[in-house]
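# Chains, contacts and geometry: an overview
Take a look at the letters that make up each chain.
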Amino acid sequence: MSQGSGARRIGILGGTFDPVHIGHLRGALEVAEMFDLDELRLIPNARPPHRDTPNCSAQDRLAMVRLAVQDLPPLCVDARELEREKPSYTIDTLISLRAELGEEDQLLLVVGWDAFCGLPTWHRWEELLDYCHILVLQRPDAGSEAPQVLRDLLAARSVPDPQVLCGGSGQIAFVWQTPLEVSATQIRQLLASGKSVRFLVPDAVLAYINAHGLYRASN
Ligand code: ATP
């Protein structure tokens, strides 16, 4: 913890986690270590407002994320979006998290580059930085280009050195993580065609997928 005395640093990584994989986990772990986070919360989405319906139940996705982060502090799971009746808007999650934190506490919203490029489609996206800093993870498949509105935002809010993020919110920084070109889509496709996903997901997650027959072609 490198903030003022008593201030905490909480990272959050939202996603469908359908299923959680080593790309998510390695990114989360590297950010947690780089920023000396008190917690890095993985937050599974309930009904992603701008994505297709996930391929397995919220309960299964949550169970797999729990298995993935067990004994891996400061990584942990925050199930608040699954406990809500309405769609999971990140702005609502940030507001509810902020209400639990002190003003000095830093909230770091971790997003992959692809997700960041889609930011202007998010509900009330222009308010996100009122509640958190944004850390953008560079992904190897970063083919997308940021729209002009985001380039303007980056010009105004990005800091060259992520370690100097100051205050509880308001800035954007880029973080390079070990490139792992893996996606949940690829994992679902491998499983649907009867192939192995060993080493792409933690063994405990693989055991869960097998025990519950998830993502198989017959599902
Ligand atoms: P799908 O293939 O179903 O679209 P995904 O693998 O992209 O899923 P999500 O649950 O949508 O996984 O991702 C949650 C967050 O993790 C997003 O911010 C995304 O950019 C990031 N992320 C996913 N895979 C990686 C990866 N391999 N490396 C770095 N970040 C990743």
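Residues numbered from 1 in each chain as written. Predicted model: local features only at pLDDT ≥ 70, side-chain atom pairs only at ≥ 80, totals over all residues. Heavy atoms only, no water.

Under an unreviewed UniProt entry, the protein has the name Probable nicotinate-nucleotide adenylyltransferase and belongs to Stutzerimonas stutzeri CCUG 29243. Quoted straight from UniProt, the Pathway (unreviewed entry) entry for the protein says "Cofactor biosynthesis; NAD(+) biosynthesis; deamido-NAD(+) from nicotinate D-ribonucleotide: step 1/1." Under the heading Catalytic activity (unreviewed entry), UniProt records this for the protein: "nicotinate beta-D-ribonucleotide + ATP + H(+) = deamido-NAD(+) + diphosphate". (UniProt positions renumbered as here; feature names shortened; annotations may be inferred.)

Our next topic: the overall build of the protein. A tally of helices and strands in the protein yields seven helices and six strands. Order of helices (α) and strands (β) in the protein, N terminus to C terminus: β-α-β-α-β-α-β-α-β-α-β-α-α. Expected size for 219 residues packed as a compact globule is a radius of gyration near 17 Å; at 17 Å, the protein falls within 12% of this value. Counting only C-alpha atoms and orienting by the principal axes, one finds that the protein spans roughly 50 × 40 × 35 Å. (Helix = DSSP H or I, 4+ residues; strand = E, 2+ residues; numbered from the N terminus. Rg over C-alpha atoms; globule rule 2.2 N^0.38 Å.)

Another point: the side chain of Gln171. As for its placement among the helices and strands, Gln171 is situated in the loop between helix H5 (148–157) and strand E6 (172–176). When its relative accessible area of 17% is taken as the criterion, Gln171 is described as buried. In this structure Gln171 touches Leu129, Cys132, His133, Ile134, Arg157, Val159, Val164, Leu165 and Cys166, once residues within four positions along its chain are discounted. (Buried < 20%, exposed > 50% of the residue type's maximum accessible area, 1.4 Å probe, protein only. Contact = heavy atoms within 4.5 Å.)

Note on placement: Gln177 falls in the loop between E6 and helix H6 (184–192). Residue classification places Gln177 among the buried positions, given a relative accessible area of 10%. With sequence-adjacent residues up to four places away left out, Gln177 is seen in contact with Gly23, Arg26, Gly27, Glu30, Leu137 and Gln138.

Before going further, it helps to examine the packing of aromatic side chains. Across all of its chains, the model carries two aromatic pairs by this definition. Where Trp113 meets Phe116, the ring centres are 5.8 Å apart and the plane angle is 35 degrees; that geometry is what we call tilted. With Trp113 and Phe116 both in helix H4 (residues 113–117) and three residues apart, this pair spans about one turn of that helix. For the pair Trp113 and Phe116, a shared accessibility class is recorded, and that class is buried. (Phe/Tyr/Trp six-rings, centres within 6.5 Å; stacked < 30°, edge-to-face > 60°.)

Take the pairing of strand E5 (residues 133–138) next. With six of six residues buried, E5 lies mostly within the body of the structure. By the alternation rule, side chains of E5 split into His133, Leu135 and Leu137 and Ile134, Val136 and Gln138, which are all buried. Alignment of E5 against E6, held across five bridges, turns out to be parallel. Along E6, the bridge assignment pairs Leu137 with Val175. (Pairing = 2+ DSSP bridges.)

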